[in-house]
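Single-letter residue listing:
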Amino acid sequence: MTSANHSAKFPMEESFSIVDPAEYLRLAGIIIANTNDIVVITDVPNVNQEPRIVYVNEAFVRETGYSPRDVLGKNPQILLGPRSDPATRGRIYGALSERKHVREEILNYKKNGEEFWQELNIFPIANESGVYTHWVSIQRNITERKLSEKLIFETKNRLELAARAGAVGIWDFDFFNNRLAWDEQMYSLYGITRDQFTGSYADWTERLHQEDRADAELSITKAMEGASEFNTQFRVIWPDGSIHFIRGLAEVERDVNNKPLRMVGTNWDITELINAKMDAEAALKVKTQFLMNMSHEIRTPMTGILGLSSLALFEPLSPVVRDYLHGIESSAKLLLEIVNEILDFSKLEADKGHINTAPFCIQDLFARVRSLFAESAKAKGLQLNLFCDLDQHVQLIGDFFQLSLVINNLIGNAIKFTEQGSVDLSIKLLKLEGATLTLSFVVKDSGIGISQEAQPQILEPFAQADDSISRRFGGTGLGLTISNRILGLMGSQLHIQSIEGQGSSFGFDLVLVQERRNQNTI
């Protein structure tokens, strides 16, 4: 870049100083010698000469590593190197030959070969007769600035490349001017060209699906107010009538008074993801419906087999036939248990598990546990212990059926995997706030336990601690999964403590509400 012609003349112009010329020159010399900018003065050569450096200041020595002896009398091209831009050099020499002031940026080299960027400000000096005698070059080190510019440029390129690769559009909403600036990818996301978008806020909202427009605008308003971040999803309608799902994220920039200035964000098309999700949900629905139908179909004849087996056992039979019938009954019960677990799991998979609250008491829960498991525990020589540190008659509001299902699964598992010792159910009051109770439910056994390696996966569907478990004890491995998912619906989750060979403890904390008429009974 070049500027208009001008040159400096000595002595000084009267309008710039009130000191005498000698003092002025003395002060100027001190300033030039001590300024942080490099000052290089070269003479103006004649036809047969090259320009020579006739003066350098201390900053030149400090910045370049050259001593005055290295450069005085030498051509100023001594600072140039292999990567100094020839075009920039050409502009400089062209301006100098025409005695013009020139300002350029160029990559130069220090004495040790290190590259550094300089901003050059070069102008000619004429004597009293108007003859150009010298060139003065004021040079400033701009290496840090150039490196910063390079980093910004490279970062910008990487971001643009990443945005293009990920089909991410970038937008900038200027609140003050009510204008939207889009990059090229944004036009692709909305199915339009640059000339089809005016850049107004209204133009953007007009392209949104009518059912999503209010929510999208509300998200922007809340982000501007600082109530929430802009993280939303909406549909846009292309000019061809097709509907596309867009995900939007943005940050709001604010001034020192927290007033919103602009919003910078991204959009990307999630239509394929939404379609894939809908297809997966449809496939899951078909699978779940099939499992539920099959479970019902299997359960009906299994109930008949159990009923007929039970009736047949009341008849006079030979020992062999009686053993056969006991085996049929036992196998039928196991198969019915598996079918019931699959049916329960299918309902939860289909998101049909619902929590229905009604009054119940701990006594009801204990009565059901005893009726279901007392005989099976006794048959294995196990003690079934039930503990509760609050009044068992207290009326609580909750889903008794779902809670019973969880407790039944845990106790059933505990009895199944315990050969000797006891199975304990304990219920403890952790916290009481008004009518709200937090209860701890723990089922503890002295059974085979679970290894540390197997514990992380034990809550996964169809998982057993190892393959030998299912062969030895039977079952689907769904009981704990079902229990944990039911607890999830009730705002809780299972926690496990177990030592292999010493037993296991399965527990959860549950928040329940005491029925008002019985609040003083705890």
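Residues numbered from 1 in each chain as written. Predicted model: local features only at pLDDT ≥ 70, side-chain atom pairs only at ≥ 80, totals over all residues. Heavy atoms only, no water.

> Hey, could you go over the overall build of the protein for me, with residue numbers and the actual values?
A tally of regular secondary structure across the protein gives 14 helices and 18 strands. In the protein, once contacts between residues fewer than 6 apart in sequence are set aside, the share between residues at least 24 apart is 56%. Within the structure as shown, the protein displays about 30300 Å² of accessible surface, and the carbon and sulfur contribution to it stands at 55%. (Helix = DSSP H or I, 4+ residues; strand = E, 2+ residues; numbered from the N terminus. Contact = heavy atoms within 4.5 Å. Areas by Shrake-Rupley, 256 points an atom, 1.4 Å probe, with all protein chains shown as cover.)

> So what about the packing of aromatic side chains? Which residues, and what values?
Inspection of the entire model under this criterion finds 11 aromatic pairs. Measuring from ring centre to ring centre gives 5.0 Å for Phe-173 and Phe-175, while their planes differ by 80°; the resulting arrangement is edge-to-face. A residue is classified by how much of its surface remains accessible, and Phe-175, at 14% relative accessible area, is buried. Both rings, one in Phe-360 and one in Phe-400, keep their centres 5.4 Å apart while their planes meet at 45°; by these two values the pair is tilted. Here the residue Phe-360 occupies a position in strand β12 (residues 358-360), and Phe-400 occupies one in helix α12 (residues 400-416), the gap between them amounting to 40 residues. In this pair, the class of Phe-360 matches that of Phe-400, namely buried. Chaining the aromatic ring pairs together yields one cluster made of Phe-173, Phe-175, Tyr-201, Trp-204 and Phe-234. Here the guanidinium or amino end of Lys-146 rests over the ring plane of Trp-117, the centre of that ring lying 4.5 Å away. (Phe/Tyr/Trp six-rings, centres within 6.5 Å; stacked < 30°, edge-to-face > 60°. Buried < 20%, exposed > 50% of the residue type's maximum accessible area, 1.4 Å probe, protein only. Lys NZ or Arg CZ within 6 Å of the ring centre and 35° of its normal.)

> So what about unusual backbone geometry? Which residues, and what values?
Of note, the phi angle at Arg-99 is positive, near 60°, even though the residue is not glycine. Among the secondary structure elements, Arg-99 is positioned in the loop between α4 (86-97) and β4 (102-109). Here Arg-99 falls in the partly exposed class, since its relative accessible area comes to 27%. Phi at Asn-258 takes a positive value of approximately 70°, unusual for a residue other than glycine. Residue position: Asn-258 is located in the loop between β10 (243-254) and β11 (260-269).

> Can you lay out the nonpolar core for me, pointing to particular residues and giving the numbers?
Ranked by size, the top nonpolar core spans 42 residues in total, and within it Ile-407, Ile-411, Leu-425, Ile-427, Phe-441 and Phe-508 carry the most contacts. Elements supplying a minimum of two residues to this core: α11 (362-379), α12, β15 (422-433), β16 (436-445), α14 (479-489) and β18 (503-514). Top element by residues in this core is α12. It accounts for nine residues. Those residues in contact with Leu-425, other than ones at most four positions away along the chain, are Phe-366, Val-369, Asn-385, Leu-386, Phe-387, Ile-407, Ile-411, Val-442 and Val-443. (Core = buried A, V, L, I, M, F, W, Y, C linked by side-chain atoms within 4.5 Å.)

> Any chance you could break down the confidence of the model for the protein for me, citing the residues and the numbers?
Mean pLDDT over the protein stands at 82; residues scoring 70 or higher make up 82%. Mean pLDDT values for the elements of the protein range from 45 in helix α13 (residues 467-473) up to 93 in β16. Between residues 465-476, whose pLDDT stays under 50, and residues either more than four places distant or in other chains, the model counts 25 contacts. (pLDDT = per-residue confidence, 0-100.)

> Break down α12 for me, with residues and values.
With 17 residues, α12 should cover 24 Å at 1.5 Å per step; its first-to-last C-alpha distance of 24 Å lies within 8% of that length. Among the 17 residues in α12, 15 count as buried, and that is most of the element. Capping of α12 at its N-terminal end is provided by Asp-399; its side-chain oxygen lies 3.2 Å from the backbone amide nitrogen of Phe-401. (Expected span 1.5 Å × (residues − 1). Polar contact = N/O pair within 3.5 Å; in protein donor to acceptor, adjacent residues only side chain to side chain.)

> An account of empty space enclosed by the protein is needed here, citing residue identities and associated values.
If you walk through the whole model with that rule in mind, you get one cavity of 30 Å³ or more. There is about 80 Å³ of room inside the largest cavity. Contributing to the lining of the largest cavity are Trp-171, Phe-173, Leu-180, Trp-182, Met-186, Tyr-190, Tyr-201, Trp-204, Ile-220, Phe-230 and Asn-267. Mapped onto the lining of the largest cavity, the elements with two or more residues apiece are β7 (168-174), β8 (179-182) and α7 (201-206). For the lining of the largest cavity, the residue count by class is 10 nonpolar, one polar and no charged. (1 Å grid on protein atoms, 1.4 Å probe; cavity = no way out; pocket = protein on both sides within 12 Å on 5 of 7 lines; lining within 4 Å. Points joined across faces, edges and corners; volume = space filled by probe spheres on them. Nonpolar A, V, L, I, M, F, W, Y, C, P; charged D, E, K, R; others polar.)

> So what's going on with the sheet that holds strand β9 (residues 230-237)? Residues and values would help.
Within the open sheet, the five strands sit side by side as β8-β7-β11-β10-β9. Their pairing is antiparallel. For this open sheet the edge positions go to β8 and β9, each flanked by a neighbour on one side alone. Neighbour to neighbour, the strand axes of the sheet diverge by 25° on average, direction disregarded. Sheet topology note: the β9/β10 ladder contains eight bridges and is antiparallel. Bridging from a neighbouring strand, Val-236 pairs with His-244 of β10. The strands that helix α8 (residues 210-225) touches are β9, β10 and β11; relative to β9, the one it contacts most, it runs at about 150°. (Pairing = 2+ DSSP bridges. Axes fitted to C-alpha atoms, helices over the stretch in contact; angles between N-to-C directions.)

> Got a sec to walk through the pairing of strand β5 (residues 115-126)? Specific residues and values, please.
Counting buried residues along β5, nine of its 12 residues qualify, which places the element largely inside the surrounding structure. Two strands pair when backbone bridges link them, and β4 and β5 are joined in this way by eight bridges, in the antiparallel orientation. Residue pairing across strands places Leu-107 opposite Trp-117, the latter belonging to β5. Hairpin remark: β4 followed by β5, antiparallel, with five residues in the connecting loop; positive phi at Gly-113, about 90°. The turn joining β5 and strand β6 (residues 132-141), which pair antiparallel and follow one another in sequence, is formed by five residues; a positive phi near 85° is taken by Gly-130.

> How would you sum up the environment of His-101? Please name residues and give values.
Here His-101 shows up in the loop between α4 and β4. Placed 20 residues apart in sequence, His-101 and Asn-121 show a C-alpha to C-alpha distance of 7.6 Å. At 2.3 Å, the side chain of His-101 and the side chain of Asn-121 are in polar contact.

> Tell me about the pattern of salt bridges, residues and numbers included.
Applying the stated criterion across every chain, the model contains 17 salt bridges. Across the pair Lys-111 and Asp-70 runs a salt bridge whose closest N-O atoms are separated by 3.0 Å. Taken as a pair, Lys-111 in the loop between β4 and β5 and Asp-70 in helix α3 (residues 68-71) lie far apart in primary sequence, 41 residues in all. Of the charged contacts, one joins Glu-184 and Arg-194 as a salt bridge, the two residues approaching to 2.2 Å between their closest N and O atoms. Within this pair, whereas Glu-184 is found in helix α6 (residues 184-189), its partner Arg-194 is found in the loop between α6 and α7, the two being separated by 10 residues in sequence. (Salt bridge = Lys/Arg side-chain N within 4 Å of Asp/Glu carboxyl O.)

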